[in-house]
Amino acid sequence: MPGAVNLLLAAALLSGGAAQAAPPGWELVWQDEFDGPTIDLSKWELEDNCWGGGNHEQQCYTPRRDRQPGANAWLAGGLLHIVARRETWTGPASPEGRGTASATLPYTSARLRTKGRQEWTFGRFEIRAKLPAGQGSWPAIWMLPTDSPHGRWAASGEIDIMEAVNLGAPSDMPGAAPGTVETRVHGTLHYGRPPPGNVHAGTWHLLPGGANPAEGFHVYALEWEQDEIRWYVDGVHYASQRAENWYSQRQDARGGWIDAPPGAPFDAASKFHLLLNLAVGGDWAGKVNATGIDPAA
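Residues numbered from 1 in each chain as written. Predicted model: local features only at pLDDT ≥ 70, side-chain atom pairs only at ≥ 80, totals over all residues. Heavy atoms only, no water.

(A) Quick look at the sheet that holds strand E8 (residues 102-109). Spatially, three strands are ordered E4-E8-E7 in an open sheet, and the strand pairing comes out mixed. Both outer strands of the open sheet, strand E4 (59-61) and strand E7 (85-92), are each paired with one neighbouring strand and no more. Each adjacent strand pair in this sheet contributes to an overall mean axis angle of 60°, direction not counted. Pairing analysis gives three bridges linking E4 to E8, with the strands arranged parallel. What sits directly across from Cys 60, in E8, is Thr 108. (Pairing = 2+ DSSP bridges. Helix = DSSP H or I, 4+ residues; strand = E, 2+ residues; numbered from the N terminus. Axes fitted to C-alpha atoms, helices over the stretch in contact; angles between N-to-C directions.)

(B) Representation of unusual backbone geometry in the model. Here the bond from Trp 153 into Ala 154 is cis, since omega is 10°, no more than 30 degrees from zero. Considering the arrangement of structural elements, one finds Ala 154 in the loop between strand E11 (137-145) and strand E12 (158-163). For the bond running from Pro 195 to Pro 196, omega is 10°, close enough to zero to count as cis. Mapped onto the secondary structure, Pro 196 falls in the loop between strand E13 (185-192) and strand E14 (198-205). One non-glycine residue, Asn 166, lies in positive phi territory at about 60°. In this structure, Asn 166 sits in the loop between E12 and E13.

(C) Structural view of the pattern of salt bridges. Following the criterion strictly, the structure yields 17 salt bridges and no others. The closest approach of N and O atoms between Arg 111 and Glu 47, which form a salt bridge, is 2.7 Å. You can see Arg 111 sitting in strand E9 (residues 111-113) and its partner Glu 47 sitting in the loop between strand E3 (45-46) and E4, a full 64 residues away along the chain. Comparing Arg 111 with Glu 47, the two get one shared label, buried. Close ionic contact of Glu 47 with Arg 113 constitutes a salt bridge, the shortest N to O distance being 3.7 Å. Highlighted residues: Glu 47 in the loop between E3 and E4 and Arg 113 in strand E9, separated in sequence by 66 residues. A single burial state applies to Glu 47 and to Arg 113, both of which are buried. Linked through salt bridges whose partners overlap, the residues forming this network are Arg 124, Glu 126, Glu 223, Glu 225, Glu 228, Arg 230, Arg 242 and Glu 244. (Salt bridge = Lys/Arg side-chain N within 4 Å of Asp/Glu carboxyl O. Buried < 20%, exposed > 50% of the residue type's maximum accessible area, 1.4 Å probe, protein only.)

Below is the structure:
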């Protein structure tokens, strides 16, 4: 189908069920082809907040969907559409949309997640997507821990399957020739301690032939296995990270730092849910390439 999110787990971890066009060694256990009339709320929650993602992003995430006026997410033609709009919006100023505090921001968008509906430990995740372009755009396909067993972010980890910022804007890639446009996609892990002791590690990837991820569909995949995580675009393996290079720490009653067991936070004790979103501006997209936000985008 034109748009798809598929989750595949190693066949050895499961019993029963035939693989459905799965790569060798993997068995399909969950999918959404976005071929229904409306977003399946048994699979996805649309967040409702103006928190700014913890990165000073300039969008409010709204639950407006499908045929609702001003929808930021809907299904059409076998695709999930996530659209950022230039409009002032006021909403809750907390990540979960709770409390009485509110904020007003100049854009709206959508952030879908499987939290409370489906979480996984290990697996292969495939998402076929065409990305938005323009200075200030920040699409992401990523994962967060549902119960944060090792402590608050980033001690319990974050897995970024794919992020891109400012596609089509002037590239600031080291060594890029003048006039080169931004076409990189990124795969990253976040781990360590709660801020300011959080750390991240990752790399970027260029599609063959200078292809721009905003001009066509590509399959972004991640394989998360015990002690290793691997990143792919269109079947090309471009990055790996191993457990000996990530870690998690928490504080004891005296304020000292204690190491979590080896493999944490991306270990068998953790369950992660999937997120799909489009942010606007913020501490990454708003501060690189041409900087700021292009309202025409």
